[in-house]
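Overview (structure and organization)
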Amino acid sequence: MPHGAHPDLYEQLLALAEGITPRVQAIPPDAAHLDISGALRYWGRSPEQLAALLRLRTMALHGVQTTCAIAPNRMLAAMAAAATGPGATTVLEAREVQAWLRPRPAAALHQVGPATANKLRTYALHTIGDIADAPVPTLVRLFGAATGRSLRAHAQGQDLRTVQPQPASKSRSAERTFDHDILDPAEHRRTLLDLTEALGARLRDDQQATGNLTISVRYADRTGSTRSRTLPEPTAHTRPLTTTAYETGVGTGSLAVA
């Protein structure tokens, strides 16, 4: 899926993927996992050809490039997609998994966040191969039984999760673009108020409530930052939305709720 796809476009792309296979699991905001094992015979095509068909349709119908990765399981496919350039396809065969996986940095492994990556480096576990070779008791002692065993399994390329078809959660968004830099904090707060008022009105019109708020800010140099907050309880009212937006501590850009 294209990075940062608009929610409406994202839903259209999911529907397009479901035209290839009914086993599509949405991974918001801009990804999806497809199980094409049952679709290969129906289409009479190879996995690479189905990926090419999906990319062709997304470009022809929506004018966007789609990054695809084909691998033996969900974890490997997600990791391969993260290492694939826009509009390209990576194919990772089962016989290639270890050679591809072992040299990669430990931080690239599924479910390894910054804190875990730092701890792994502290114990000289710099690559995924290092984790795969570490004794299970050592990993269990460092990270606990569940996490330690999970790290070892993932480092060996194992992932037992299956694709679970489910609809993407609905989201609403509001955006404000400035034609010059706005440095005044008071203006930032006024803009956040305007955006949360617009979001609250849309939620109330749709008779919906949200439990999450995300703010994405794009700067003049094309970098950006994103912060998400969980509300104390689902709401469609402007005041708690605005309070939560203020608490994120970032400037203005686009807001989305889900």
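Structure first, text after, so check above.
Keep in mind that this is a model prediction, so the values were computed, not measured.

Concerning the side chain of Thr235
Mapped onto the fold, Thr235 is located in strand 7 (residues 224–235). Apart from the residues within four sequence positions on either side, Thr235 is in contact with Leu203, Ala209, Thr210, Pro240 and Leu241.

Quick word on the pattern of salt bridges
Going through the model one piece at a time under the given rule, you end up with five salt bridges. Arg23 is the salt-bridge partner of Asp35, the closest N and O atoms lying 3.5 Å from each other. Note that Asp35 is positioned in the loop between strand 2 (31–34) and helix 2 (39–43) and Arg23 in the loop between helix 1 (7–18) and strand 1 (24–27), a separation of twelve residues in sequence.

Points about the packing of aromatic side chains
Scanning the entire structure with this criterion turns up one aromatic pair. On the basis of an interplanar angle of 85° and a centroid distance of 5.7 Å, the ring pair of Tyr42 and Trp43 is categorised as edge-to-face. Exposure remark for Trp43: the relative accessible area of 21% places this residue in the partly exposed category. Just above the ring of Phe143 sits the side chain of Lys119; from NZ or CZ to the centre is 5.2 Å. A cation sits over an aromatic face here: Arg189 above Tyr246, 3.7 Å from the ring centre.

Basis of the calculations
- Residues numbered from 1 in each chain as written.
- Predicted model: local features only at pLDDT ≥ 70, side-chain atom pairs only at ≥ 80, totals over all residues.
- Heavy atoms only, no water.
- Helix = DSSP H or I, 4+ residues; strand = E, 2+ residues; numbered from the N terminus.
- Contact = heavy atoms within 4.5 Å.
- Salt bridge = Lys/Arg side-chain N within 4 Å of Asp/Glu carboxyl O.
- Phe/Tyr/Trp six-rings, centres within 6.5 Å; stacked < 30°, edge-to-face > 60°.
- Buried < 20%, exposed > 50% of the residue type's maximum accessible area, 1.4 Å probe, protein only.
- Lys NZ or Arg CZ within 6 Å of the ring centre and 35° of its normal.

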